[in-house]
Amino acid sequence: MNKEVVAKRYALALFQIAQQQQLLDSFEAEIRVVKQVFADQPDFLAVLTHPKLSLDKKKALLKETFAALSVPVQNTLLLLLDRHRIDIVGALADEFVALANEARGVAEATVYSARPLSEKEKQALADVFAKKVDKTTLHIENIVDSSLIGGVKLRIGNRIYDGSVSGKLERLKRQLIG
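The text that follows walks through the structure, step by step, so that each part is easy to find. (Residues numbered from 1 in each chain as written. Predicted model: local features only at pLDDT ≥ 70, side-chain atom pairs only at ≥ 80, totals over all residues. Heavy atoms only, no water.)

## Focus: the packing of aromatic side chains
- As enumerated under the stated definition, the model contains five aromatic pairs in all.
- Above the plane of the ring of Tyr 112 lies Lys 153, whose end atom (NZ or CZ) is 5.7 Å from the centre. (Phe/Tyr/Trp six-rings, centres within 6.5 Å; stacked < 30°, edge-to-face > 60°. Lys NZ or Arg CZ within 6 Å of the ring centre and 35° of its normal.)

Structure, rendered in structure tokens:
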């Protein structure tokens with residue numbers, strides 16, 4: 001079974017617990033922190049997967065590192081460690097966030113622009129495009145890409161809305177050649 005399928009199962013189980021306990025927002029914040037720790041500290045994963053370190057020591061390290069987290073999130077991490085699947089934490093976090101966003105009617109969007117966008121501009125984009133994708137809100141991450149020349153390119157899931165100057169020039173070039 002591939003990692004994405006396994007991660008989705010664990011994420012779904014944790015998501016259901018979060019909904020039952022009405023702690024979806026706090027679980028999501030905790031899962032994002034866990035993902036960030038694993039992303040920022042690749043040696044931490046190496047230690048947790050090292051064969052010479054006993055399972056008890058690995059569990060103690062995990063409990064100590066994530067002591068501030070809720071019990072269900074800690075238990076999920078310990079279960080992953082027990083089952084030798086601690087390497088799917090990143091995928092689990094992505095799946096959990098996707099499930100939480102779907103439940104709230106929220107979508108993650110990446111906006112590429114030639115310059116950093118102000119909060120007002122981000123909010124205006126979020127308002128317009130949330131309606132287009134039938135969501136209540138968009139969480140926007142702004143990435144500056146000077147190759148766009150001007151305008152914005154927006155990615156929501158697997159959809160791309162390209163309103164950049166470089167995109168328009170590229171489409172014009174294709175029309176002239178074709």
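## Describing the environment of Leu 176
- Inspection of the secondary structure puts Leu 176 in helix 8 (residues 165–177).
- Accessibility expressed as a relative area gives 70% for Leu 176, which makes it exposed. (Helix = DSSP H or I, 4+ residues; strand = E, 2+ residues; numbered from the N terminus. Buried < 20%, exposed > 50% of the residue type's maximum accessible area, 1.4 Å probe, protein only.)

## Digging into the sheet that holds strand 3 (residues 152–156)
- Pairing is mixed in the open sheet, where four strands are placed in the order 2-1-3-4. The open sheet has two edge strands with one neighbour each: strand 2 (137–144) and strand 4 (159–162). Mean inter-strand twist for the sheet, computed between neighbouring axes without regard to direction, equals 20°.
- Here strand 1 (residues 106–113) runs beside strand 2; their pairing, made up of eight bridges, is parallel. Each bridged residue has a counterpart across the sheet, and for Ala 107 the counterpart in strand 2 is Leu 138. (Pairing = 2+ DSSP bridges. Axes fitted to C-alpha atoms, helices over the stretch in contact; angles between N-to-C directions.)

## Notes on the packing of helix 1 (residues 3–20) against helix 6 (residues 89–104)
- The contact between helix 1 and helix 6 brings their axes to 8 Å, and the two run at 50°. With respect to helix 6, the element helix 1 is oriented oblique. Handedness of the helix 1/helix 6 crossing: right-handed. Facing Glu 4, Ala 7, Lys 8, Tyr 10, Ala 11, Leu 12, Leu 14, Phe 15, Ala 18 and Gln 19 of helix 1, the residues of helix 6 in contact are Ala 91, Leu 92, Glu 95, Phe 96, Leu 99, Ala 100 and Ala 103. (Parallel < 35°, antiparallel > 145°, perpendicular 65-115°, else oblique. Left-handed = near helix turned anticlockwise from the far one by under 90°. Contact = heavy atoms within 4.5 Å.)

## A short note on the environment of Leu 154
- As for its placement among the helices and strands, Leu 154 is situated in strand 3.
- Leave out the neighbours within four places in its chain, and Leu 154 touches Thr 110, Val 111, Phe 129, Arg 159, Ile 160 and Tyr 161.

## A closer look at unusual backbone geometry
- Within the chain, Gln 22 stands out as a residue other than glycine whose phi angle is a positive 55°.
- Here Gln 22 shows up in the loop between helix 1 and helix 2 (24–40).
- Despite not being glycine, His 84 has its phi angle at roughly 60°, a positive value.
- Turning to its location among the elements, His 84 is positioned in the loop between helix 5 (71–82) and helix 6.

## Some details on the packing of helix 4 (residues 55–65) against helix 5
- Remark: helix 4 packs on helix 5, axes separated minimally by 10 Å, with the N-to-C direction vectors making an angle of 155°. Here helix 5 runs roughly antiparallel to helix 4, going by the angle between their axes. Handedness of the helix 4/helix 5 crossing: right-handed. For the pair helix 4 and helix 5, the contacting residues are Leu 55, Lys 58, Lys 59, Leu 62 and Lys 63 in the first and Leu 77, Leu 78, Leu 81 and Asp 82 in the second.
- For the contact of helix 4 with helix 5, the class distribution of residues is five nonpolar, no polar and four charged. (Nonpolar A, V, L, I, M, F, W, Y, C, P; charged D, E, K, R; others polar.)

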